[in-house]
Amino acid sequence: MTTASIVTHRTPAAQLLTALHCILRCSDVVCVYVVDNSPDEELRKALVGLERVEYIHVENRGYGAGHNTAIAKAMSAGSSFHLVMNADVRWDGDILSELTGYLRREPEAGMVMPKVYYPDGALQYACRMLPTPWDVFAKRFLPSALTRRRMERYLLADADHDKAFDCPYLLGSFLLFSTDALRKVGTFDERFFMYPEDIDITRRMHASFRTMFYPAVSIVHDHAAASRKSIRMLRIHIVNMVRYFNKWGWFVDTARRKANKKLLRDMPRLSGRRPAGRG
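Residues numbered from 1 in each chain as written. Predicted model: local features only at pLDDT ≥ 70, side-chain atom pairs only at ≥ 80, totals over all residues. Heavy atoms only, no water.

### Here we look at the overall build of the protein chain
The secondary structure content of the protein chain amounts to nine helices and 13 strands. Expected size for 279 residues packed as a compact globule is a radius of gyration near 19 Å; at 18 Å, the protein chain falls within 12% of this value. Considered along the principal axes of its C-alpha atoms, the protein chain spans approximately 50 × 45 × 40 Å. Here the protein chain, with 279 residues, has 54% of them falling under the buried criterion. Within the protein chain, residue pairs in contact and separated by at least 24 positions form 78% of the contacts whose partners lie at least 6 positions apart. Per element, the accessible surface of the protein chain, about 12,800 Å² overall, is 52% carbon and sulfur. Separation of charge centres in the protein chain, based on 41 positive and 30 negative side chains, amounts to 7 Å. (Helix = DSSP H or I, 4+ residues; strand = E, 2+ residues; numbered from the N terminus. Rg over C-alpha atoms; globule rule 2.2 N^0.38 Å. Buried < 20%, exposed > 50% of the residue type's maximum accessible area, 1.4 Å probe, protein only. Contact = heavy atoms within 4.5 Å. Areas by Shrake-Rupley, 256 points an atom, 1.4 Å probe, with all protein chains shown as cover. Lys, Arg positive; Asp, Glu negative; His and termini not counted. Charge placed at Lys NZ, Arg CZ, Asp CG, Glu CD.)

Okay, structure coming up:
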């Protein structure tokens, strides 16, 4: 039994419906919770008549808080697996059956993410090292010519993305969880309104389970990068990254150092030409 949730805020109805139809191709999905943080309920109209979809309108307390509302319902319903997904994701066929099958076969894995592409076909570097403050600052504010080698290392550009590997930071656009694992490590930390909640939950899961990149299936992510286009979203990004480093440590973070060292030691590396990709 699988459930899923999408948290929306003024999301275009057409985009949301595309995402929902992708999820509902999997017959094992019993419910998709659409948690709407918008100030109105206009989106409800677009979902009329859709089976296995539950609309929930809530106060906007952030991305993680919205998904926690759905995860609580999923756990109460007895769900074995729960998908946390952005509305700007799509794919062909039924990839969820493959991914839930992987989690069933690999009980040491607490969560899994597929290979991710941009709409133009470039690989999205969705597996990353746990960031240092310098990584976050350099990626957002410094010219790429000055930071290229550091960013390639942080974004795991030399990893062989055709092979599965255990990674302590998976981007939150598409994360499939074992609900048993979520019960053990906890759900999203609601202190983070937006942005670092995926880093936080992956590293907590990684401490007790394998957090897997699994490239046998793939998705397309229309990554908006809102904080690069909006001063308001940039401010939210900065505030929440400060909260993240206050929680885990700024320059002294022993768990980060150990996890990143193990990742760089164990990940599969490219033996040939690097495919086109970006973070």
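Still to come is the rest of the account.
### Section: the environment of valine 7
Residue position: valine 7 is located in strand E1 (residues 2-8). What makes valine 7 buried here is its relative accessible area of 12%. When the C-alpha atoms of valine 7 and glycine 62 are compared, they prove to be 9.0 Å apart, with 55 residues separating the residues in sequence. Sequence-distant contacts of valine 7, that is, excluding residues within four places in its chain, are made with Val35, Asn37, Tyr63, Gly66, His67 and Met85.

### Overview of the packing of helix H7 (residues 197-206) against helix H8 (residues 231-248)
Where H7 contacts H8, the axes come no closer than 10 Å and their chain directions differ by 25°. Classified by the angle their axes make, H7 and H8 are roughly parallel. For the pair formed by H7 and H8, the contact residues are Ile199, Asp200, Arg203 and Arg204 on the first element and Met241, Tyr244, Lys247 and Trp248 on the second. Of the residues contributing to the contact of H7 with H8, the split by class is four nonpolar, no polar and four charged. (Axes fitted to C-alpha atoms, helices over the stretch in contact; angles between N-to-C directions. Parallel < 35°, antiparallel > 145°, perpendicular 65-115°, else oblique. Nonpolar A, V, L, I, M, F, W, Y, C, P; charged D, E, K, R; others polar.)

### Focus on helix H2 (residues 63-76)
Under the 1.5 Å per step criterion, the end-to-end length of H2 is 21 Å for 14 residues, consistent within 8% with the ideal 20 Å. Every buried residue of H2 is listed here: Tyr63, Gly64, Ala65, Gly66, His67, Asn68, Ala70, Ile71, Ala74 and Met75. For H2, the secondary structure elements touched by its buried residues are E1, strand E2 (29-36), strand E4 (81-85), helix H6 (179-185) and H7. Glycine 78 sits one or two residues past H2 and shows a positive phi near 90°. (Expected span 1.5 Å × (residues − 1).)

### Focus: the packing of aromatic side chains
This model, assessed by the stated rule, comprises nine aromatic pairs. Between the aromatic rings of tryptophan 91 and phenylalanine 174, the centroid separation amounts to 5.5 Å while the plane-to-plane angle is 85°, which identifies the pairing as edge-to-face. Residue tryptophan 91 is located in the loop between strand E5 (89-90) and helix H3 (96-105), and its partner phenylalanine 174 is located in strand E11 (residues 174-178); the two are separated by 83 residues in the primary sequence. A cation sits over an aromatic face here: arginine 203 above tryptophan 248, 3.7 Å from the ring centre. Above the ring of tyrosine 118, the side-chain terminus of arginine 278 is found at 4.0 Å from the ring centroid. (Phe/Tyr/Trp six-rings, centres within 6.5 Å; stacked < 30°, edge-to-face > 60°. Lys NZ or Arg CZ within 6 Å of the ring centre and 35° of its normal.)

### Details of the side chain of threonine 2
Tracing the sequence through the fold places threonine 2 in strand E1. We classify threonine 2 as buried; its relative accessible area is 1%. A polar side-chain atom of threonine 2 sits 2.7 Å from a polar atom in the side chain of aspartate 28. In this view, threonine 2 contacts Asp28, Val29, Val30, Cys31, Ser79, Phe81 and Thr100; residues no more than four positions away in its chain are not counted. (Polar contact = N/O pair within 3.5 Å; in protein donor to acceptor, adjacent residues only side chain to side chain.)

### A closer look at the packing of helix H4 (residues 133-141) against H8
Two elements in contact, H4 and H8, have axes separated by 11 Å at closest approach and are oriented at 170°. On the basis of the axis angle, H4 is roughly antiparallel to H8. Contact residues: Pro133, Val136, Arg140 and Phe141 in H4; Leu234, Ile238, Met241 and Phe245 in H8. Residues belonging to the contact of H4 with H8 are distributed by class as follows: seven nonpolar, no polar and one charged.

### Remarks on H4
Listing the buried residues of H4 in full gives Pro133, Asp135 and Ala138. In this structure, the buried residues of H4 make contact with helix H5 (144-154), H8 and helix H9 (254-266).

### As for the pairing of strand E6 (residues 109-117)
Among the nine residues that make up E6, eight are buried, leaving the element largely enclosed by the rest of the structure. Sheet analysis places E6 next to strand E12 (residues 210-221), joined by seven bridges and oriented parallel. Residue valine 116 lies in a different strand from E12, and its bridge partner there is isoleucine 219. Of the strand pairs in this sheet, E6 and E11 are connected by two bridges, and their pairing is antiparallel. Among the inter-strand pairings, methionine 111 is bridged to a residue of E11, identified as phenylalanine 177. (Pairing = 2+ DSSP bridges.)

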